[in-house]
Each structure stands twice: as C-alpha cells, then as structure tokens.
Amino acid sequence: LRLSNANLAQFSQAETRPDYDRTQLKHGIVHVGVGGFHRAHLAVYVDRLLSKFAANDWSICGVGLTAFDASMRDALDPQDHLYTVIERSARGSSAHIIGSISEYIFAPGNEEAVIAKMADKDTHIVSLTITESGYYYNENTHELDVSNPNIQFDLTGDGPPRTTYGYLTAALARRYKAGLRPFTVMSCDNMQKNGSISRNMLLAFARLKEPNMAAWLSENGAFPNSMVDRITPRTVDEDKQGLQQQFGIEDAWPVVTEPFMQWVLEDNFSDGRPQFEDVGVQVVPTVRDVEQFELMKLRLLNGGHVAMGYLASLAGFTYVHEVIADPLFSQYLNDLWYEEVKPLLPSIPGVDVDEYIQTLHSRFSNPTLKDEVARICLGGSGKMPQFILPSIAEQIESRGPIGRLTLCVAAWFRYLSGVDENGKTYKIDDPMAKELQALAREGGASPNVLLGVQTLFGDDLRYDGRFVREITMAMRTLDRRGARKTLEKYVELPE
Ligand code: NAD
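Residues numbered from 1 in each chain as written. Predicted model: local features only at pLDDT ≥ 70, side-chain atom pairs only at ≥ 80, totals over all residues. Heavy atoms only, no water.

K.L.:
So what exactly am I meant to see when it comes to helix α16 (residues 389–397) here?
P.N.:
Residues that lie three or four places apart on an α-helix share one face, since the helix turns once every 3.6 residues. Of the positions making up α16, those classed as buried are L389, P390, S391, I392, Q395 and I396. Each element contacted by the buried residues of α16 is listed here: α10 (287–314), α12 (327–341), α15 (380–387), α17 (403–415), α20 (454–457) and α21 (465–490). Once α16 finishes, R399 follows within two positions and takes phi at roughly 55°, a positive value. (Buried < 20%, exposed > 50% of the residue type's maximum accessible area, 1.4 Å probe, protein only. Helix = DSSP H or I, 4+ residues; strand = E, 2+ residues; numbered from the N terminus. Contact = heavy atoms within 4.5 Å.)

What follows is the structure in structure tokens.
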C-alpha cells in the first residue's frame, strides 16, 4: 500500500506512525537539504515533538536547492511528504513512518516561494544539511570563498538566488523590512563550529549584498553550534523492496539508519524554539559544551570513516562492516584512534572516550546497515580539512605520532587518480573533483602537486619536513605495494 495521509491508519505493521492531525500544522522550521540525514535526524526529533507534545507550530517545510533534489520532490509529493525510517541492528529491523515534513519546495523555478516561506512570520528556524561544500568556507583563510562562481552570481546578479546564502539573505532582508525577528540559522552539518561558520559566512555574504540588514542580523541573529550523529547510508532499491515485503509499506524513498542517534545543541535561538530537550536532544548552555562533544565525534567517527574509506576503496571493499571485520583494517583504525587521535581530545565530564571508541567500533560493525565505502569517500576535499588534517597539525605541534593519519591522506591522494588497484575506474564525487583528479594524475606517486592546493593545505603542512617525508613514503609504498601490503607495514597485528 502506498504511503499517504489517506492510507495512514492502515499501516499497523509500522512501529510508529503519525497520530497527530497533519492538517493543523504550521511550518516553524524551513529545512534546506532534505537528504537522508535530515530525514533520519532532525525530522525524527520533530516527529516525536509533534506526536508526544503536540508541538504543532514546529512542523518542517523542506527545501531542495540543487537540480538533483527534483527526485526528492517526486518521491515525497505524491505521498503527502510521509516517509519511512527503517532502523536496522543485529536484533532486526523496525519501521517508523515520519510525518513532520508537511511541505516540500523544489527551489529551481520556485525561488520566490522559498524566499516567501523563509520570510513568513510563522517560520522561526531555517535549518541546514547542505553538506560541507554548501558553506563555501575556505578552511585556510576561514573566510567566505567569494571567488566561487555561484557566490559571485548571487552577489552581483539580480536573478533568482543559487546558493543557500542568496536565499537566506533575500528572506532575512524581507524580515528586516517587515519588523520581524531574524530566524535562527541552525546548521546540522558535520563541521566543527557549524554555527559559527554559518554565522561568519552568511554575515560576510550579507555585508556585501544587504549591509543594513547585515548589521541588524549581526546584532539580533542566532546560529547555534551543534554536534549531530546518526549513521545514515544511501537508500538502495533493496531497501524499498524489503520495506514492502516486511512491513507492507510502499514508499518511494525510505531512509535506512541505525538505532543510535545523538544531537548536542547550543541553546542559542533568536526567534524561539521547540522543547527539543523533551525528545532526547542534549541542549547545552554554551558553545564550549558543544565544542568538546563535537571535537570527539568529528575526529573519531568522521575521522575514522575517512581513515578507513580511501584505503578500503583502493583495496576493493564495498561495505563498511566488511572493512571493520578485517583484522588488518580494524587494527589500523584502533591504532589511529588510540595512538594518534585520542591523546588530542579534551576530557568531557561524564564521557568515557574508550567506551565511545568501543561503541563506534560496534556501530561500524553493524552488518545490517550496509553503509557503503563509496558513501564515506564522498566529498573528501570537505572532509579531510575537518576531520584529519587538524589532528595532524596538532600532533606535529606536540611532536606526537602522525604515521597513520598521514597514511590516510596518502590513500586519498592515490584514490583521487580515479583508478583502483585492479585498474577499475570510478567517479570521484567531490565539488573539487575535476581539479583534484587532474593534479593527482599529474603528481603520480609524489604528493607534491596536490600538496600545493593552498585552500586545502595552506603552508603549515606542505612545508613541514616530517609530514612531507611521511606522506612521500606512504604514497610510494601505496604505489608499489597496494593498500593491503602497505597497511601490513603500518600495523603490527597482536599475536
Ligand atoms: P544526501 O546526499 O542524502 O543529501 C544532501 C543534501 O544536501 C541534498 O538535499 C542536497 O540538495 C543538499 N546539498 C548539497 N550541496 C548543496 C549546496 N551546495 N547547497 C545547498 N544544498 C546542497 O546526504 P546526507 O546523508 O543527507 O548528508 C548531508 C549532510 O548531513 C552531510 O554532508 C553531513 O554534513 C551531515 N551528516 C550526515 C550523516 C550521514 O550519516 N549521512 C551523519 C551526520 C551528519
């Protein structure tokens, strides 16, 4: 049976389904980037608020800015924006029908509708999962990448916006003129200081485009920082078929995820917020409280994914659980976590880092999730400077070990050539793919050409003698011996 409002009562096999009146909802939240993660995370928390606490002012209007989002519109519109979250663990699967997204606007061609929705007085929060690259953030200068053609287009043109900042600025300018409060801009992307980056980049953009509004926003706006966590693989056709067979639910685009979920959120809102703490969100008073959780999660979980991903891809693995089941890879990851990352982390009251690492190990091992190595290799140019390079820089500073961290950068360089060890070619999915792939091919087994990419490596790393020596050696070994044999050199397996 196809998901829809009219059919909702018949899906008794789902563990939970909306029991609230979806016709009585206001859109308190506009969310940009309705992908897998948003639908497994914020939308689930809001669904619980609607169902347990009748928080009717806080349903979500989804927005898709990129051309690819047409497929999300085509999936959600015919099923009244209902969809299923399939939770998978070794104990089995459960299905939850989520009703918190009650409208969806595909922005290309409907730009005015998006701006009007964000500017509406009922909208209090605009939340984002637009991937790391959607922020146009230069890691080295910590400034907005104003040279980017999309940003240039939005800054100088009179046409409809293309970038998130173009939309936010247009909508905030209307709110400013109408005497409303600015909505809170709530980033749920995996970036250290995601709120501060959103604030600084949006203000930099707005100062160039709408200076009066920018001054008002700087004074009155709010950009909470947060740490978000729930592993959400890409949905595949098998998931849809399984959902229909096991639960009788016909859903054009369900989401598969793990039972674990976490959200540590800074309590910093400019126009009100729902009682997120009632549904399990850790709402904390200051940015400092978020930062510590954030650092631990980004360096260990996301850093762990990056560390495994490129080596595993070169070695021909398909799924993350298969990688972690291989003693060589598992030992490499443990050594990297315990020897090179953990010593850099602050101690957080009430959190046992060893236990956190063990939990990660078992989350990565979940065979039912079928998280793809290809997914964790996406967008390396956004991930490397967030999750790996800062640990290397800090270890260099304290003269600590960098061998395993550096090996993963070398593996990424090797991966960027677009040809694996069996001669199979694959597509690099990265906003900088074209440039990086050309440089990787030019550099061959030497890291020097890629290390020259200023926006990624700045000057600190590429002129650090120890780092350059280590990465040169790692790349040479990878080139000559392949990923597995290289790992054997780096890892001493316990007897
Ligand atoms: P996805 O591919 O399912 O969705 C990505 C969404 O981002 C799409 O809606 C797309 O339109 C939008 N987007 C991409 N580039 C954009 C741009 N330049 N401007 C505006 N929108 C843009 O991916 P996902 O799994 O939902 O992950 C999205 C983000 O969520 C990640 O990059 C990460 O920061 C965060 N996250 C993901 C996970 C996970 O396990 N998938 C876990 C924690 C956090």
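K.L.:
Which parts of the structure should I look at to understand the side chain of Q262?
P.N.:
Structurally, the position occupied by Q262 is in strand β12 (residues 262–266). Note on Q262: relative accessible area 12%, which makes it buried. A polar side-chain atom of Q262 sits 2.9 Å from a polar atom in the side chain of Q282. Ignoring any residue separated from it by four or fewer positions in sequence, one finds Q262 in contact with H41, Y45, M227, V228, D229, Q282 and F293. (Polar contact = N/O pair within 3.5 Å; in protein donor to acceptor, adjacent residues only side chain to side chain.)

K.L.:
For this particular structure, what's the right way to read the site of the ligand?
P.N.:
Residues in contact with the ligand amount to 21 residues; listed here are only the nearest, F37, D69, D189, N190 and T232. Between the ligand and G36, the relevant distance is 2.9 Å, taken from an oxygen atom to a main-chain nitrogen or oxygen of the residue. One of the side-chain N or O atoms of R375 is found 3.1 Å from a nitrogen atom in the ligand. Relative to its unbound accessible surface of 820 Å², the ligand loses 78% to contact with the protein. By residue class, the composition of the shell around the ligand is six nonpolar, 10 polar and five charged. (Near = heavy atom within 4 Å. Areas by Shrake-Rupley, 256 points an atom, 1.4 Å probe, with all protein chains shown as cover. Nonpolar A, V, L, I, M, F, W, Y, C, P; charged D, E, K, R; others polar.)

K.L.:
Looking at this structure, how should I read the state of the cysteines?
P.N.:
Two cysteines form a disulfide when their sulfur atoms are joined by a covalent bond. Taken as a whole and judged by the stated rule, the model has zero disulfides. C61 carries a free sulfur, and the closest cysteine sulfur to it, the one in C188, is 16 Å from it. Its relative accessible area of 3% is what places C188 among the buried residues. (Disulfide = S-S within 2.5 Å.)

K.L.:
Just checking my understanding: could you explain the sheet that holds strand β13 (residues 282–284) for this structure?
P.N.:
Sheets are built from strands paired through backbone hydrogen bonds, the pairs being either parallel or antiparallel. Here three strands make up an open sheet; going across it, the order is β10-β12-β13 and the pairing mixed. Only two strands of the sheet have a single neighbouring strand rather than two, namely β10 (226–229) and β13. Taking each pair of neighbouring strands and ignoring which way they run, the sheet shows an average axis angle of 15°. In the sheet, β12 pairs with β13 via three bridges, with the strands oriented parallel. The partner of E266 across the bridge, within β13, is V284. (Pairing = 2+ DSSP bridges. Axes fitted to C-alpha atoms, helices over the stretch in contact; angles between N-to-C directions.)

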